[in-house]
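Reading the structure
Take a look at the letters that make up each chain.
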Amino acid sequence: CVTTMLSTMIGGGVLSLPYAFKLVGPGLGLVLLAGSALASDFAIYALCSASRRTGTSTLAELARAAQGPRLEGVVVAALFALCGFVSVAYTRLLRDLLALFLRLLEVESVDPYLFGAAA
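Residues numbered from 1 in each chain as written. Predicted model: local features only at pLDDT ≥ 70, side-chain atom pairs only at ≥ 80, totals over all residues. Heavy atoms only, no water.

**A word on the pattern of salt bridges**
- According to the stated counting rule, one finds one salt bridge in the structure shown.
- Between Arg64 and Glu72 there is a salt bridge whose closest N-O contact spans 2.6 Å.
- A residue is classified by how much of its surface remains accessible, and Arg64, at 42% relative accessible area, is partly exposed.
- The class of Glu72 is buried, set by a relative accessible area of 18%. (Salt bridge = Lys/Arg side-chain N within 4 Å of Asp/Glu carboxyl O. Buried < 20%, exposed > 50% of the residue type's maximum accessible area, 1.4 Å probe, protein only.)

Next comes the structure, spelled out in structure tokens:
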């Protein structure tokens, strides 16, 4: 799940960053990118620091140590939902890529409903 989340974050950023820069311009784009990098760095620092101080090794354990079992359940549910949404996104991407691949191979005997062409 961690590898899937990382590749999704990197892939999404690589694909959307040029579009964001086109919308806001290079100056503001660089400022926003630097701000996002600083916020990410601080968040990782805070999580690692809290993990060291509490002796926890997972995000769910850290949530339990910080706020109790209720927050731990919220964190686990959020991570479960994230992994589920990532799986749906990858399934959709694979479907689109497979349809393109079959078109490139000129395979015409595939049911169009399978790839949403007739929808």
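**Examining the confidence of the model for the protein**
- Put simply, the protein has an average pLDDT of 83, and 79% of its residues get 70 or more.
- Mean pLDDT per element in the protein: helix H1 (residues 2-24) is the minimum at 76, and helix H2 (residues 26-54) is the maximum at 94. (pLDDT = per-residue confidence, 0-100. Helix = DSSP H or I, 4+ residues; strand = E, 2+ residues; numbered from the N terminus.)

**Re the packing of H2 against helix H3 (residues 59-67)**
- H3 packs onto H2 with a crossing angle of 70° between their chain directions and a minimal axis gap of 10 Å. The orientation of H2 with respect to H3, classified from their angle, is roughly perpendicular. Between H2 and H3 the crossing geometry is left-handed. Listed contacts from H3 to Leu47, Ala50, Ser51 and Thr54 of H2 are Leu59, Leu62 and Ala65.
- For the contact of H2 with H3, the per-class residue count stands at five nonpolar, two polar and no charged. (Axes fitted to C-alpha atoms, helices over the stretch in contact; angles between N-to-C directions. Parallel < 35°, antiparallel > 145°, perpendicular 65-115°, else oblique. Left-handed = near helix turned anticlockwise from the far one by under 90°. Contact = heavy atoms within 4.5 Å. Nonpolar A, V, L, I, M, F, W, Y, C, P; charged D, E, K, R; others polar.)

**Comments concerning the packing of H3 against helix H4 (residues 69-104)**
- Direction vectors running N to C along H3 and H4 enclose 155°, while the axes themselves pass 7 Å from each other. By the angle between their directions, the pair H3 and H4 is classed as roughly antiparallel. In this structure, the crossing between H3 and H4 has a hand that is right-handed. In contact with Leu59, Ala60, Ala63, Arg64 and Gln67 of H3, H4 contributes Pro69, Leu71, Glu72, Val75, Val76 and Leu79.
- The residue makeup of the contact of H3 with H4, split by class, is eight nonpolar, one polar and two charged.

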